Amino acid sequence: MMICSLSDLFFSTSSPSTFRFSLKQSETFWNKKKFKNSLKKILPLIMGGSASIVEKSFHEFKSVDIHGKEMNFAQFKGKVVLLVNTASYWGTVHLKRYRSSFFRLHSKTGGSAQMHSIRKLYDMYKDKGLVVLASPCNQFKGQEPKGNAEILAYYKEKFKVTFPILEKGNVNGSNAPRWYQFVKQKCPESGIMYTRRIAWNFTKFLIDKKGLPRHRFGLKKTRSHMDEKVQELLNE
């Protein structure tokens, strides 16, 4: 049985109604570079490619903070921003549900560990120009069900948070703010399976002093993974 490569299947110059299952095409399926490039092109379209963004910098956008006041991102010019989608209940009330699933919890990746790690990173570099921007989100298994006032009180009491917190909102889909679409689209590093969608809580984006997204860190990337990149951008 012959196997056609994904790149040949989707980007063939032949008629769309015909596909040639030749030995040459079956061999290219195993060409890792070609297969990887195919995934990069196909999956963002299938799994949430975003509309074209005309803005050139994160600093061109505005949002609303957790107090309901407008937040102009232009205030972060000259600073390095670590944007993270947070969830109060990740790793707490849902522990039993995910203990033996794909989302198996580890002490270093649970919500409390993530928040403490982010706060420590902020405390370490805030005087050098690092800003942490928390974006509470309830899109992943309902793990941020609290209202804005409750979220603020919880973060301050449990984690001693002093960095800015945005109002609760979406990070994926048509209801996600345009600035989040910008960050996902413009970051040179993609997410799971080369898509731009955010897969889970505590996905982090590092934005440089000019407002350009530079690095993306998944759930399992702790403070030690981010420390070097933060220092690099602060020193630019």
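Scroll up for the structure.
What comes next is a walk through the structure.

So, how was this worked out
Residues numbered from 1 in each chain as written. Predicted model: local features only at pLDDT ≥ 70, side-chain atom pairs only at ≥ 80, totals over all residues. Heavy atoms only, no water. Helix = DSSP H or I, 4+ residues; strand = E, 2+ residues; numbered from the N terminus. Buried < 20%, exposed > 50% of the residue type's maximum accessible area, 1.4 Å probe, protein only. Contact = heavy atoms within 4.5 Å. Areas by Shrake-Rupley, 256 points an atom, 1.4 Å probe, with all protein chains shown as cover. Salt bridge = Lys/Arg side-chain N within 4 Å of Asp/Glu carboxyl O.

## Some details on the overall build of the chain
Item 1. Check the secondary structure of the chain and you find 8 helices and 6 strands.
Item 2. Along the chain direction, N to C, the helices and strands of the chain fall in the order α-α-α-β-β-β-α-α-β-α-α-β-β-α.
Item 3. The buried share of the chain, taken over its 236 residues, is 44%.
Item 4. A separation of at least 24 residues holds for 68% of the contacts in the chain among residues at least 6 apart in sequence.
Item 5. Here the chain has roughly 12900 Å² of accessible surface; of this, 54% comes from carbon and sulfur atoms.

## Some details on the pattern of salt bridges
Any two side chains of opposite charge can pair if their charged atoms end up close together.
Item 1. The final tally for this structure, using the stated rule, is 6 salt bridges.
Item 2. Notably, a salt bridge pairs Arg178 with Glu55, separated by 3.2 Å at the nearest N-O pair. Of this pair, Arg178 sits in helix α7 (residues 178-186) while Glu55 sits in the loop between α3 (32-46) and β1 (62-64), and the two are 123 residues apart along the sequence.
Item 3. A relative accessible area of 39% means that Arg178 is categorised as partly exposed.
Item 4. Classification of Glu55 by relative accessible area gives buried; the value is 17%.

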